[in-house]
Structures are given as structure tokens and as C-alpha cells.
Amino acid sequence: MVTKLNSLADYKRALLLPLAAGLLTLLLVVGVAEFLRERGAIDEQRSIAVEGVKSALKLAIDRDSDKLSGLLELLTRNADLQQAFVRRDFDELRAVAQPYYAVLRARHNITHFYFIAPDRRMFLRVQAPERRGDEINRYTLSEAERTGKPSAGLELGPMGIFTLRVVHPWTDTSGQRIGYIELGIEIDRTLEQLHSLTGVSLYSLVEKKHVQRERWEAGMRMIGRNHDWDRFPDHVVVGRPEGSDRTDVPHRLLLAATSSTEVARARVAARSLVVETTPLSDASGRSVGRMLLVMDVSASEDRYDRAIALLVGAGLLIGLGTLLIADRVITHVYLRLNETRQERDDYLERAERDALTGLLRQDVFMRALHNELQRIRHDDSTSGLLMIDIDFFKRVNDTYGHRSGDHVLQSVARLIGDCVRPQDLVARYGGEEFTVILPGAGHDTAWAVAERIRSSVEQFPFLVDGTTLKITLSIGISIAHGGGTTTEALIRTADRALYDAKNSGRNRIISHARS
């Protein structure tokens, strides 16, 4: 952008000064060319923005699916829930599940929490316990039943509410399947987050043939939404972020988008809106409607329109002055972007990573742990620490050499990174020892993460010089509770737990929960 505008300014100063008539003719030619170029730039930016929103939506759904799956994994291990469900004690299960649902809704925006019997009959909807006994025929449940594995995907409910659902098969200690647990998040939550993040308003519309009018209207009334069935000929709105109402999108623009795959445009007051459509599919891959992406491109178009108007309507001196001002502004922006890019590069260069494993180094870990303890002291919360050691690592070095030992260290570091939560910090503490800071984690969460790490490494085939090695870990856990815990005390407690794990036979986890 800077190079083209500078060339334009130089061109005008060099060629348009001699003659006013020549300047006017040239300005008209350049104005038309600039208009076409900038129109293409706007379309390109719009296409990039659309692809970005699509990618962000997919990432958000994948992230929420992983989050729900992790929560379900914890719920299936809950003995109280399992016992009540096995006994088919509806009242007890509801009493046990209700507090969990309150926490899940408050912290994770969970809107659906189901317990389903092996025969696919709904045993308990925690959010609507009065509705039970109906047979569930959704794709995600069918997949979980068929494969015996967790199943996730977007599905259209009977009331026309589009929901991300994750279903986990539930087995008892003997491996016998006792039913299914399901969690769900209405897609409106995700659309609202994307609207806040990108400024793009998203509408999810479903073809009327996939919903029943009475049930759809009841569902929209239940969540306080407009339930005008006749608003569109072939579609109904099943999802939109609250923020989308603020765009004042005219009905004629949305109507045009639903009846064509072409980009729809409209000028509303002083704003220019563009709507693009993309197919909307459920978990089974069936196309059920369209997603409308509404973008306000007023700022870009107004900026370019003003530039064209100045070029066409101004004389030589005004045109030259405008280009000089534009050159100064763009130069300032360019220089500021370069400064920001340099600051980012400097930050990345200063990042202190272990050269072999790519994990945080010990000194960085110590600072991070100190900061985490400061945080929990302020918030009066908890945080976990894992101390991890590779069992009999010296044998690997002695038998296969240090290069093979380095390969094992790198593989273990990668496996640990794959098992922790996004907010956790993993560091190489020294030699074959690693540490993990678990912000906000209590004992159960810390143990779950530690077990994932231990199990993942134990099951991983480490191939060294054509030989598959079995590598195991010993892990010590300590938990910091609010104020009063020091860095040294927390590390000492975790280290003592690690020592006990190694002395107890290795390949195990020992927790000294309180530091």
C-alpha cells in the first residue's frame, strides 16, 4: 500500500504540474484506475475476513468440543453419579447432578446436561428434569453407541436450536456399558463470541423442512427470540449473537442472501453492508441451511470514496497536497507497524527456551511459578505443580548413547505438552526432570493431568536404534492453597512426592496435595 501511494504521488508531482488541463485528464484516468484497484482490495479483504471467521468458527467449535469432552471424562469417573444412575434413582441422580450443572453453566456456558439409558431413552435432562423417557435418535448418540467412543458435532434439536453436543459412552468398573452422558452448548454462545472478536455478525438459518413450526416457535419463545415463521420463504433463523441486532441489518438484504449464493450488498443510511453465505451442516454432514456473515465495510469504502473524490474534484495543488498528507499518514502507519513487528521479534528472541526440548528453561519456570503464587495469594485460589522424572533414564544414555537419550527427552517433552491444558506451563527442570505449573488446579485436576501424562508416555513406542523402548515416568504432585505458600516450599513438597513415587516402584503418581 505505501509503495503504490508513493509512486502515485511522485507520478502526479512529476507529470501533472505542467498543465492544468493535463492534470484534470490524468486525475480522471487515475481516479478510475484507483477505484477499480481499491474495489478489488476491498473484495480481497472481505474474502480474507470471511475465511478468517470460518476458520475461527471451526476452531471455536473444536475447542468447545475438546472442553466438553474433558469435562465429560471427569463426570464419567464420578462415583456418586454412576451409583445413582446404575440404581436408576432419578431423584438422587438429579440431586447429585444439579450442583455440577450449575457450575458447568456458570463457568463453561453449558446449556444441556443429559443422562441417557443404554436403550437410548432419556433418563434425566438436568436442565429440564420434567422431560424424560423419550427416545433419542441423534447422530452423535448413534455414533457413540456404534463406536463405543466419544462423539461430537453440531446438531439441530427438535425445537430448532442448533447445539454443539458431545456424547460419552459410560461404562462401569467392569467395562460394562451402563448408558451415556451428554453435554451441549448452544451455538448462539459461539456466534456472540465471534461477533465480539471480529465485528462480523453471524446468522444461522435452517431450511424449514428440517423443523416443525410449532416446536420451533416454542423453542424461540423459550429463549426470548423473535419467532416470525414467515420472515423468510424457505428458512428460519435459529441462531445469531445478541450483538447482531445492533447492526440493523435490513430484512431485504438477508432475504437476498438466502435466495442466492452471490454476495449481497446494501447501503443503509451512511453504512455499507455486505452479506456472504456459507453452507451450514450438522454432525452427520447433512446440509441443513446457511450461515450468513454480515460485514460493515463502510469505513473502507468511505475512505476510498473520499480519496477518489479528492483526486477527481481537486486541482493540481489540492491534489498534490492531499497526496503529501496521505503519504505522511501512511508512512507513519508503516513505521509504527515496523516498530510493532520489531518489538514482536525482539520478544520472541528474548523468549528463553530450552534448546533441546523447546520447553521453558528452569529460570523462566521459577519466575512463572513465583508469579502464579502471587496470583493465587491475591485471588485466594489454588494452583498445582507436577515434578516429573524419567525412570531409569541413565540406562538409555549408557546403552544407546546420548543422542538417543536426547531423542527420548524430546519425545517425552512433546507428549507432556500434548497432555496438559492450554493454560498450563511446561518446563525442563534439568537433565531428565520436567515440571508443569497448573494454574487454578486442585488435587483432582492435577491428578487427572498427571495421569494423562504418565499413561501417554507409558503407551508411547519410543523407537531407538531399531529397538522399541518402554519409557515410564514417576510424578510428584503438590498443591498451593491461597496465601502463605512459597516457591521453595511448593517445589520441595512436589520433589518429596516425586521421591516417594520413585521409591514406591516408579511409573506412578504420588500426591502430597498441601504444601
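Residues numbered from 1 in each chain as written. Predicted model: local features only at pLDDT ≥ 70, side-chain atom pairs only at ≥ 80, totals over all residues. Heavy atoms only, no water.

Caption draft 1: Here's a closer look at helix H15 (residues 487-503). Here H15 spans 24 Å end to end across 17 residues, near enough to the 24 Å set by a 1.5 Å rise per residue. Along H15, the positions that sit buried rather than exposed are Thr-487, Ala-489, Leu-490, Ile-491, Thr-493, Ala-494, Ala-497, Leu-498, Ala-501 and Lys-502. Just downstream of H15 lies Gly-505, where phi reads positive at about 120 degrees. (Helix = DSSP H or I, 4+ residues; strand = E, 2+ residues; numbered from the N terminus. Expected span 1.5 Å × (residues − 1). Buried < 20%, exposed > 50% of the residue type's maximum accessible area, 1.4 Å probe, protein only.)

Caption draft 2: Broad picture of the packing of aromatic side chains. Inspection of the entire model under this criterion finds 8 aromatic pairs. On the basis of an interplanar angle of 45 degrees and a centroid distance of 5.9 Å, the ring pair of Phe-115 and Trp-170 is categorised as tilted. Taken together, the residues span a long stretch of sequence, with Phe-115 in strand S1 (residues 112-116) and Trp-170 in strand S4 (residues 162-171) at a distance of 55 residues. Where Phe-460 meets Phe-462, the ring centres are 4.9 Å apart and the plane angle is 75 degrees; that geometry is what we call edge-to-face. On the accessibility criterion, Phe-462 (0% relative accessible area) is buried. Put simply, the rings of Phe-85, Phe-90, Phe-113, Phe-115, Phe-123 and Trp-170 pair up and form one aromatic cluster. Taking the ring centre of Phe-392 as reference, the NZ or CZ of Arg-395 above it sits at 4.0 Å. (Phe/Tyr/Trp six-rings, centres within 6.5 Å; stacked < 30°, edge-to-face > 60°. Lys NZ or Arg CZ within 6 Å of the ring centre and 35° of its normal.)

Caption draft 3: The arrangement of the sheet that holds S4 in detail. Strand order across the open sheet formed by 5 strands is S2-S1-S5-S4-S3, with antiparallel pairing between neighbours. The sheet is open, and its two edges are formed by strand S2 (122-125) and strand S3 (151-156), each paired on a single side. Strand after strand, the sheet turns through a mean of 25 degrees between neighbouring axes, direction not considered. Both S1 and S2 contribute to a ladder of 3 bridges, which runs antiparallel. Residue pairing for S2: Ile-116 is matched across the bridge by Met-122. (Pairing = 2+ DSSP bridges. Axes fitted to C-alpha atoms, helices over the stretch in contact; angles between N-to-C directions.)

Caption draft 4: Quick look at the pairing of strand S10 (residues 287-296). Among the 10 residues of S10, 7 are classified as buried, and the element is accordingly described as predominantly covered. With 6 bridges connecting them, strand S6 (residues 201-207) and S10 associate as antiparallel partners. Across the sheet, Val-206 pairs through a bridge with Gly-289, a residue of S10.

Caption draft 5: Fine view of unusual backbone geometry. Unlike most non-glycine residues, Asn-109 shows phi in positive territory, near 60 degrees. Along the chain, the position of Asn-109 falls in the loop between helix H4 (90-108) and S1. Asn-109 gets classed as partly exposed once you look at its relative accessible area, which sits at 27%. Positioned with a positive phi, Asp-380 is a non-glycine residue whose angle comes to about 55 degrees.

Caption draft 6: Structural view of helix H13 (residues 402-419). Relative to the 26 Å expected for 18 residues at 1.5 Å per residue, H13 spans 26 Å between its end C-alpha atoms, a close match to the ideal helical length. Taken residue by residue, H13 has Ser-404, Gly-405, Val-408, Leu-409, Ser-411, Val-412, Ala-413, Leu-415, Ile-416 and Cys-419 as its buried positions.

Caption draft 7: Up close: the environment of Leu-360. Inspection of the secondary structure assignment puts Leu-360 in the loop between helix H10 (316-350) and helix H11 (362-379). A C-alpha to C-alpha distance of 9.7 Å links Leu-360 and Phe-434, two positions 74 residues apart in sequence. Excluding residues that lie within four positions of it along the chain, Leu-360 makes contacts with Glu-352, Arg-353, Asp-354, Leu-425, Val-426, Ala-427 and Arg-428. (Contact = heavy atoms within 4.5 Å.)

Caption draft 8: How the structure looks around the confidence of the model for the protein. Per-residue confidence for the protein gives a mean pLDDT of 82, with 80% of residues at or over 70. Considering only residues more than four positions removed or in separate chains, one finds that residues 1-5, a stretch of pLDDT under 50, has 8 contacts. The model gives residues 243-247 a pLDDT under 50, and that stretch makes 11 contacts with residues more than four places away or in other chains. (pLDDT = per-residue confidence, 0-100.)

Caption draft 9: Representation of the pairing of strand S11 (residues 382-390) within the structure. Burial within S11 is extensive, with 8 of its 9 residues counted as buried. As paired elements, S11 and strand S16 (residues 473-481) share 9 bridges and run antiparallel to each other. Paired with Ile-388 across the two strands is Ile-475, which belongs to S16. Pairing analysis gives 7 bridges linking S11 to strand S13 (residues 433-439), with the strands arranged antiparallel. The partner of Ser-383 across the bridge, within S13, is Pro-439.

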